[in-house]
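An overview of the molecular structure
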Amino acid sequence: MLKKRDLHDCHTLYDLMTHPEVFPFVRHKAECYDEFVFITKQTIEAEERGELISRTILDEWGTPIGTINLFDIQDNAGFLGTWLGKPFHGKGYNKPAKDAFFDELFYELNIERIFMRIRKTNIRSLKAAEKLPYILKANEIRKSLYDQINANGEIYDLYEISKDQYMFHMLRSNEQHQESSQLA
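Sequence order as written defines residue numbering, which begins from 1 separately in each chain. Only residues with pLDDT of 70 or above have their local features reported here, since the model is predicted, and side-chain atom pairs are shown and tallied only from 80 upward, although totals for entire chains, interfaces and linings are computed over all residues. For side-chain calculations, the full set of non-hydrogen atoms in the structure is used, while hydrogens and water are omitted.

Section: the overall build of the chain
To keep it simple, the criterion reads: Comment: elements are numbered from the N terminus, with helices defined as DSSP H or I runs of at least four residues and strands as E runs of at least two. To get the radius of gyration, use the C-alpha atoms; to get the globule rule, take the number of residues to the power 0.38 and multiply by 2.2 Å. Whether a residue is buried, partly exposed or exposed follows from its accessible area with a 1.4 Å probe, protein chains only, as a fraction of its type maximum: under 20%, in between, or over 50%, in that order. Here the positive residues are Lys and Arg and the negative ones are Asp and Glu; neither His nor the chain ends is included. Each charge is placed at NZ for Lys, CZ for Arg, CG for Asp and CD for Glu.
Each helix and strand in the chain was counted, giving 6 helices and 7 strands. Secondary structure elements in the chain, listed N-terminal to C-terminal, are β-α-α-β-β-β-α-β-α-β-α-β-α. In terms of overall dimensions, the chain is globule-like: its C-alpha atoms have a radius of gyration of 17 Å, near the 16 Å expected for 184 residues. A total of 184 residues make up the chain; the buried ones form 44% of that total. Between the mean site of the 24 positive side-chain charges and the mean site of the 29 negative ones, the chain shows a separation of 4 Å.

With respect to the pattern of salt bridges
Under the convention used in this document: By definition here, a salt bridge exists when the distance from a side-chain nitrogen of Lys or Arg to a carboxyl oxygen of Asp or Glu is within 4 Å.
Under the definition given, this model contains 15 salt bridges. For Asp99, the salt bridge is made with Lys95, and the minimal N-O distance between the two is 2.8 Å. With Asp99 and Lys95 both in helix α3 (residues 94-108) and 4 residues apart, this pair spans about one turn of that helix. Look at Lys95 and you get partly exposed, because its relative accessible area is 42%. Via salt bridges that share partners, Lys120, Lys137, Glu154 and Asp157 belong to a single interconnected network.

Some remarks on the sheet that holds strand β2 (residues 53-58)
This is how the line gets drawn: Whether two strands pair depends on DSSP finding at least two bridges between them. Working rule for contacts: check all heavy atoms of both residues, and any pair within 4.5 Å makes them a contact. Angles run from 0 to 180 degrees between N-to-C directions of axes, and those axes are lines fitted to C-alpha atoms, restricted for helices to the stretch in contact.
Strand order across the open sheet formed by 7 strands is β1-β2-β3-β4-β5-β7-β6, with mixed pairing between neighbours. One side of each edge strand has no neighbouring strand; the edge strands of this open sheet are β1 (2-4) and β6 (136-137). For β6 and strand β7 (residues 156-162), the ladder comprises 2 bridges, and the chain directions are antiparallel. Looking across to β7, one finds that Lys137 is bridged to Tyr159. Against the sheet, helix α1 (residues 10-17) touches β2, β3 (64-74) and β4 (77-84), its axis set at about 85° to β3.

Remarks on the pairing of strand β5 (residues 113-119)
Looking at chain direction, β4 and β5 are connected through 3 bridges and run parallel. Residue pairing across strands places Ala77 opposite Arg113, the latter belonging to β5. Direction of pairing for β5 relative to β7: antiparallel, over a ladder of 7 bridges. From the neighbouring strand, Ile114 faces β7, where its bridge partner is Ile161.

Looking at the nonpolar core
The cut-off we apply is this: Residue types Ala, Val, Leu, Ile, Met, Phe, Trp, Tyr and Cys, when buried and joined through side-chain atoms within 4.5 Å, form a set referred to as a nonpolar core.
In this structure, Met17, Phe101, Phe102, Leu105, Ile114, Met116 and Ile161 are the most contacted members of the largest nonpolar core, which totals 40 residues. Filtering out sequence-adjacent residues up to four positions away, Phe102 remains in contact with Leu80, Tyr107, Ile114, Tyr134, Ile161 and Tyr166. Counting 9 residues, the second largest nonpolar core, distinct from the first, contains Phe79, Phe115, Tyr156 and Leu158.

Points about the packing of aromatic side chains
Aromatic ring pairs are described here by two measures, namely the spacing of the ring centres and the angle between the planes. Put simply, the test is: For Phe, Tyr and Trp, where Trp contributes only its six-membered ring, two rings pair if their centres lie within 6.5 Å, and the inter-plane angle classes them as stacked under 30 degrees, edge-to-face over 60, or tilted in between. A positively charged side chain is recorded as over a ring if its NZ (Lys) or CZ (Arg) lies within 6 Å of the ring centre. The angle to the ring normal must also be within 35 degrees.
With the rule as written, the count across this model stands at 10 aromatic pairs. Each ring, one from Phe106 and one from Tyr166, has its centre 5.2 Å from the other, and the planes form 40°; the classification is tilted. Linking Phe106 in helix α3 with Tyr166 in helix α6 (residues 163-183), this pair joins segments that are 60 residues apart in sequence. Comparing Phe106 with Tyr166 shows no difference in burial state: the two are buried. Through a chain of ring-to-ring contacts, three or more aromatic side chains come together here, namely Phe102, Phe106, Tyr107, Tyr134 and Tyr166. Just above the ring of Phe71 sits the side chain of Arg27; from NZ or CZ to the centre is 4.3 Å. Looking at Lys29, its charged tip hangs above the ring of Phe23, at a distance of 5.8 Å from the centre.

What to know about the pairing of β2
Of all the 6 residues making up β2, 6 are buried; the element is thus mostly covered by neighbouring parts of the structure. Of the two faces of β2, the one carrying Ile53, Arg55 and Ile57 and the one carrying Ser54, Thr56 and Leu58 are both buried. Note that β1 and β2 share 3 bridges and pair antiparallel. Of the residues in β2, the one forming a bridge with Leu2 is Ile57. For β2 and β3, the ladder comprises 6 bridges, and the chain directions are antiparallel. Along β3, the bridge assignment pairs Arg55 with Ile68. The turn linking β2 back onto β3 is made up of 5 residues, and Gly62 within it adopts a positive phi angle of 85°.

In short, the description is geometric, and any link to function would need to be established separately.
Below, the structure is given as structure tokens:
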């Protein structure tokens, strides 16, 4: 489902990223393939320095279909950025990719908090975020951060996923799954 970013996937990912329904929502935009390769090299180097965490999302056949990233890491927290290629929208890849990434972040890499800033006009991403049972809309409780990301006007909603809330939800889900298995 996920793998570390590498240069082998650049052609496929670049083609998917440039779709007009995807491109506006990608954080690191590339206007040409060579620029995308350069950005990917920078991403890999930034991860080696501990500045971000970036993974390629794969479909069930191992084909690259998008990326998921944690940017601006400070104090064991960072901002999530995810995009899927247009052919993969609505096919059920978003939640499993996030779950796998969150498991890695929280259980292996000691991240404590994930923030999501989502454009108020990006209805698809807002709906996807609000489906996550462990997410909290943080516009009010993280007012200073909300104001910071909206310094140029109210563009984004802010969401937060804490390690504790995520782990509680996963534990509860596992317990419910065990109970329903015992009843069957």
